[in-house]
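# Residue-level structural notes
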Amino acid sequence: MHFYSLLSSLILFVLLLCISDSESLKTLKNLTVKHGESLTIPCFYDEKYKSNLKYWCKGYFWFSCKIVASTNTSTSVTDHPTQNMFIVELNSLQDSDSGYYWCAVEIGGKETPDDKDYLYLTVSADPAVSVINSKVSGQEGGSVSVQCLYSAEYKNKKRNWCRFEDRRCFSGGKTTEFYNSVVLVIDYGKGSVSVEMRGLQKSDAGWYWFSAGDVEVPVHLTVTERPSTTTAVTTVCATEETCIGETTSGSETMRKNKETTAAELRGNTGLLWVLLAVGLGLLLILTIVTTSVLIKKCNGSQTETRGRVSNTAVHTVSSASDHENDVIYSSVTTTTKKKTLFQAVRDDEVIYSSVVLK
């Protein structure tokens, strides 16, 4: 019995080696998923297969596999001709879903066998390799992070983050420039690997996978456009009509907004100079009026002062003239006798007179 088991395995190996290594159709080889969860599997095909029927087949041998779903059914196979790929959606997986599967493209005719590629799927309660989120999304210029887990048995196995499109892989402990983006793989060595992609571009979108040893987990990255600001712009024309610009978005809106902003700034600058000139003119007029009022007031005060001084002088002169009539003039006559040079004058020889003002 053991001999037949070994013989079957050898036959399977030879068959797979001979017929499954297709260059026109590619997928992952050894996938694992947690019991009860879902899994999306990408299958990439050659340009020449765009219009061909694609299907998903389950079975140990290719010639005896059972078609589970195809693109002409409404179940789980979706073709994306623009990306040269189709995806298989497996939902609510159970342990019984473990086994060999085939991505296949119908060629037609007995002489030309269908093209195919195989993979093995393991469904378990505690998968050896997994990711926290198998579908991630980020904006252009932004970043995304994927947390990858592996069991202790894969601690000494090589761990990689790879891209389907060009089969390029990144290992832990390196920061690598990937086209216009940067990929940073941090391997903590304790059952966890962190993958961070920075400076995302639209070209980064697509399928990736994390691997530890020979076990792989697919991850899909979506890159969305950076949201643009939508602004309503109203433009006043030089003619009698008023032009109202429609609301636009994207680069055209940004260009128009910049032009409008520059025109508004020039208009505002001109208006500012006009207002400044008017303000200075008003200030000058106010200064002239204030100065004139002050000068006029000063001149009035000086005239009034001169009048007062003149009136005082006239009054003083008049008063003096009036009082002149009230003055009594008296002549003082001194009678002297011939005496010697040093003879003293007696008091009874002097006549005193008083002047009284009326």
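The notes below deal with the structure included here. (Residues numbered from 1 in each chain as written. Predicted model: local features only at pLDDT ≥ 70, side-chain atom pairs only at ≥ 80, totals over all residues. Heavy atoms only, no water.)

This part covers the pairing of strand 6 (residues 77-80). In terms of strand pairing, strand 6 meets strand 7 (residues 85-90) through four bridges, oriented antiparallel. Each residue of the ladder has a partner; that of Val77, found in strand 7, is Val88. In this antiparallel pair of consecutive strands, strand 6 and strand 7, the connection spans four residues, and Asn84 shows a positive phi of 55°. (Pairing = 2+ DSSP bridges. Helix = DSSP H or I, 4+ residues; strand = E, 2+ residues; numbered from the N terminus.)

Turning our attention to a nonpolar patch on the surface. On the surface, a nonpolar cluster with roughly 540 Å² of combined accessible area is contributed by Val274, Val278, Leu282, Ile285, Val289 and Val293. With respect to the element layout, Val278 can be found in helix 2 (residues 250-324). According to the relative accessible area criterion, Val278 is partly exposed, its value standing at 46%. (Patch = residues over 30% accessible without salt bridge, like charges linked within 9 Å, V, L, I, M, F, W, Y side chains within 5 Å. Areas by Shrake-Rupley, 256 points an atom, 1.4 Å probe, with all protein chains shown as cover. Salt bridge = Lys/Arg side-chain N within 4 Å of Asp/Glu carboxyl O. Buried < 20%, exposed > 50% of the residue type's maximum accessible area, 1.4 Å probe, protein only.)

Here the focus is the pairing of strand 2 (residues 30-34). Burial analysis of strand 2 places four of its five residues in the buried class, which makes it a mostly covered element. Where strand 2 and strand 9 (residues 115-124) come together, five bridges link them in parallel fashion. For Thr32, the partnering residue across the bridge sits in strand 9 and is Thr122.

Spatially, the four strands line up as an open sheet ordered 1-3-7-6, and their pairing is antiparallel. Single-partner strands in this sheet number two, and they are strand 1 (25-26) and strand 6. As paired strands, strand 3 (residues 39-45) and strand 7 are joined by six bridges and run antiparallel to one another. Paired with Cys43 across the two strands is Phe86, which belongs to strand 7.

Let us now look at the pattern of salt bridges. As enumerated under the stated definition, the model contains six salt bridges in all. The salt bridge partner of Lys29 is Asp117, with a shortest N-O separation of 2.4 Å. Of this pair, Lys29 sits in the loop between strand 1 and strand 2 while Asp117 sits in strand 9, placing them 88 residues apart in sequence. What makes Lys29 partly exposed here is its relative accessible area of 32%.

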